[in-house]
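Residue-level structural notes
Chain residues, written in single-letter form:
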Amino acid sequence: MPIFFDSEKKIFKLDTEKSSYIIRIADEGFLTHLYYGAKISDTDVSYVLPNFGNASFSAEIANPVGRSYTLDTLPQEYPCNGTGDFRASALSLRGESGSSATDIRYVSHKICSGKPAIPGLPATYANCESDCDTLEITAEDSLIGARVTLFYSVFPKYDALARSTKVENISGGAVDIERVFSGAYDFSNMNYDFVSLWGAWAKERHVTRHPLAHGTQSIASKRGSSSHNHNPFAALASRNSGEEYGEVFGFSLIYSGNFSMECEVDTFENTRMLVGINPVDFGWHLDSEEAFYAPEVISVFSDEGMGGMSRRFHKLYRHNLCRGPWKTEKRPILVNNWEATYFGFDDDKLVAIAKDAAELGIEMLVMDDGWFGCRNDDHTSLGDWFVNENKLKGGLKPLADRVNALGIKFGIWFEPEMISPDSELYRLHPDWCLHVAGRYKSIGRHQYVIDMSRCDVRDNIFEQMKAILSSANIEYVKWDFNRNLTEAGSLLLDSVHQKEIFHRYVLGVYELLERLLEEFPNLLLEGCSGGGGRFDPGMLYYSPQYWTSDNTDAIDRCLIQWGTTYVYPPSSMSAHVSAVPNHQTGRRTSFKTRGDVAMAGAFGYELDLNKLSEDDRNEVKRQVADYHKYYNVVQNGDYYRLINPFEDQTKCAWAYISEDKSEVLLTMVIIRTERHKQIFVRLTGVDANKKYKDEATGQIYSGDTLINLGLNLTGWYRDWDTVVKHLVEVK
Ligand code: DGJ
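Across its full length, the chain holds 12 helices and 37 strands. Against the compact-globule benchmark of 27 Å for 731 residues, the chain has a radius of gyration of 27 Å, which places it among compact chains. With respect to the three principal axes, the spread of C-alpha positions in the chain is 80 × 70 × 45 Å. With 731 residues in all, the chain has 63% of them scored as buried. Here the analysis covers contacts within the chain between residues at least 6 apart in sequence; of these, 68% occur between residues at least 24 apart. In the structure as shown, the chain presents an accessible area of about 26,100 Å², 48% of it carried by carbon and sulfur atoms. Once the 76 positive and 101 negative side-chain charges of the chain are each reduced to a mean point, those two points are 5 Å apart.

If you want it as structure tokens, here you go:
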């Protein structure tokens, strides 16, 4: 059992293969945090608790056991607001008295195999009993009348800990939740760098890293979605850690809405990390007997730097978060018509693209935006999910049939959460968008956001989607989302519940996604939000692949994909070869370079196949063959980032190494060529005791040579060249 309870000392120890996490129930019932870090043998390490006699102005606890015992310096599992700990709190409840001083004390616990689901929310799950065990600690605020359950599920193989929180109202009256984080993590030093992923449209998930300072450093979203701007991920990386060495704690929130990751360093150099729903613009009202569930946060411990953290996240998310047949089934190589035609297409044009796709070995055609209502540009028709027969004569079925007859699968685009003011749906139901009565409605990309908190609205969108998806053989849906939430109000919520709208919106989206997958269990869903704007673990639970960015430029993609792989497995990272000059950057990279970079994820094309030269067609055939050849190592292998383009601004390199370490696929991209420069790339992840053959040159290397000396990739390159090396084990 990875969870152990010492009933005498009242200590819980949660062990993974390489980490330990220790909790102690203090005499007064406070849930004290003793340790999180590399695996240790001792259970009672209470001697780490601070004894700051001079904690200035800190209040003693209500039942003092000595002058030096104050919550203000005590490391805690789930710190509460207003009762002695002046640092950021995980929980603030307001009871009937109106006060939000909150104080929860241990009541009971239970330990079980596996892991309970979280109602209405995406979360990791156990594939079998041995995958994980769960500890549930129940604590209560007896004055307010609230029961709080802290869930800890331990995934030993991945050195991962899943935490979530449930708050129940047992007061007989009303309780208001003002803040409820999913997890709090106290560390007794500040020797970490704060690492996070920031970005913008066409520039997602760039990496930033800086040393912790006293005070609060945080990332957050209050845009209604996890956003392009910050990803719901942060890491605390030991100051002396790097890509493949040193200790790193990674935190990833399985949630697609407003989030906050707050890291506070106090006077005594203690660090507190809080992860959960952003308390700004949040409130939740609980009537008697009602319960609230906060989303799940995963923390991963790595003693192999950022790379080790990422590989643990990749495996956990691939095996224990993604679901359905596409979790393991080979994904089809797709061609999407967006950059090929934008809105200017009809059925014949799509069939012409499908015809070329069939000749080239591409396996699926995706019809993007513009097939419905009267949509010929982005001003109209969102919400009118019926076929525009001016473009698709006779509807979807004849088109899907013609595409299928070529041996090609067929997929389509939806933006289910949006409504155009110029749409039949809006004319019928102007109150179905998020809005605040009496206030103007801000418009974004000429559209409003549908009130997904409303069941009647979701029913309507679901029925429309169901009718479309049942009308033809549609095997894939790209689920897009192209603006942030403003004037977020719902007509159906009274003033007591109005602050719940952001979270209710996300719950509504999840409910619709779940309903769709229940109705069409074999559907391959690809998430999208103006590229990778809502690329988060919450969405991965429903859509095993996500459109990484609208920026398809191979050089910019090196940076975007580098950051994306901090958390997300390559199999989730959609990457397409597009036309040159690139539509976002104007850069003209070679067809080979575009293919080599796109091969790093869920591979496809985003250009007009009808316009390809003979040379490019041959290159597509070669890339398609490579995709099949390398599929196993890319999708199921371990991912190693080798040359960091944020540091070495002249090149980037990464490698996939099969789990049995018998195969390596390495890609290097020259971002800016440098003359007279030697390039050696060391391959950390290979087996030191194996021998590997470079498939192209026949040269044989020992694993320990590749690790310590590396491959010599020195060459006379031009800007944007790529080098791909395939090494296979020789006995
Ligand atoms: C934004 C997406 O990121 C694009 O790929 C495309 O689907 C457009 N929306 C269509 O409007």
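Text resumes after the structure shown.
Before going further, it helps to examine unusual backbone geometry. Residue Pro581 follows Val580 across a cis peptide bond; omega there is -5 degrees. With respect to the secondary-structure elements, Pro581 resides in the loop between strand 28 (573-578) and helix 10 (591-598). Non-glycine residue Ser227 carries a positive phi angle of around 90 degrees. Topologically, Ser227 is positioned in the loop between strand 13 (215-220) and strand 14 (230-238). Residue class for Ser227 comes out buried when judged on its relative accessible area of 3%. Within the chain, Trp720 stands out as a residue other than glycine whose phi angle is a positive 75 degrees. The residue Trp720 is located in the loop between strand 36 (711-712) and strand 37 (722-730) in this model.

Turning next to the side chain of Thr124. Within the fold, Thr124 resides in the loop between strand 6 (105-113) and strand 7 (133-141). Classification of Thr124 by relative accessible area gives buried; the value is 3%. Those residues in contact with Thr124, other than ones at most four positions away along the chain, are Lys115, Phe155, Ala162, Ile254, Glu296, Ile298, Leu316, Tyr317, Asn320 and Leu321.

Each pair of packed helices can be summarised by the angle the axes make with each other and by the distance between the axes. Helix 7 (residues 501-519) packs onto helix 6 (residues 455-470) with a crossing angle of 30 degrees between their chain directions and a minimal axis gap of 11 Å. As the angle between them shows, helix 6 and helix 7 are arranged roughly parallel. Where helix 6 crosses over helix 7, the handedness of that crossing is right-handed. On helix 7, the residues touching Arg458, Asp459, Ile461, Phe462, Met465, Lys466 and Leu469 of helix 6 are Gly508, Glu511, Leu512, Arg515, Leu516 and Glu519. Within the contact of helix 6 with helix 7, the residues separate by chemical class into 6 nonpolar, 1 polar and 6 charged.

About the cut-offs
- Residues numbered from 1 in each chain as written.
- Predicted model: local features only at pLDDT ≥ 70, side-chain atom pairs only at ≥ 80, totals over all residues.
- Heavy atoms only, no water.
- Helix = DSSP H or I, 4+ residues; strand = E, 2+ residues; numbered from the N terminus.
- Rg over C-alpha atoms; globule rule 2.2 N^0.38 Å.
- Buried < 20%, exposed > 50% of the residue type's maximum accessible area, 1.4 Å probe, protein only.
- Contact = heavy atoms within 4.5 Å.
- Areas by Shrake-Rupley, 256 points an atom, 1.4 Å probe, with all protein chains shown as cover.
- Lys, Arg positive; Asp, Glu negative; His and termini not counted.
- Charge placed at Lys NZ, Arg CZ, Asp CG, Glu CD.
- Axes fitted to C-alpha atoms, helices over the stretch in contact; angles between N-to-C directions.
- Parallel < 35°, antiparallel > 145°, perpendicular 65-115°, else oblique.
- Left-handed = near helix turned anticlockwise from the far one by under 90°.
- Nonpolar A, V, L, I, M, F, W, Y, C, P; charged D, E, K, R; others polar.

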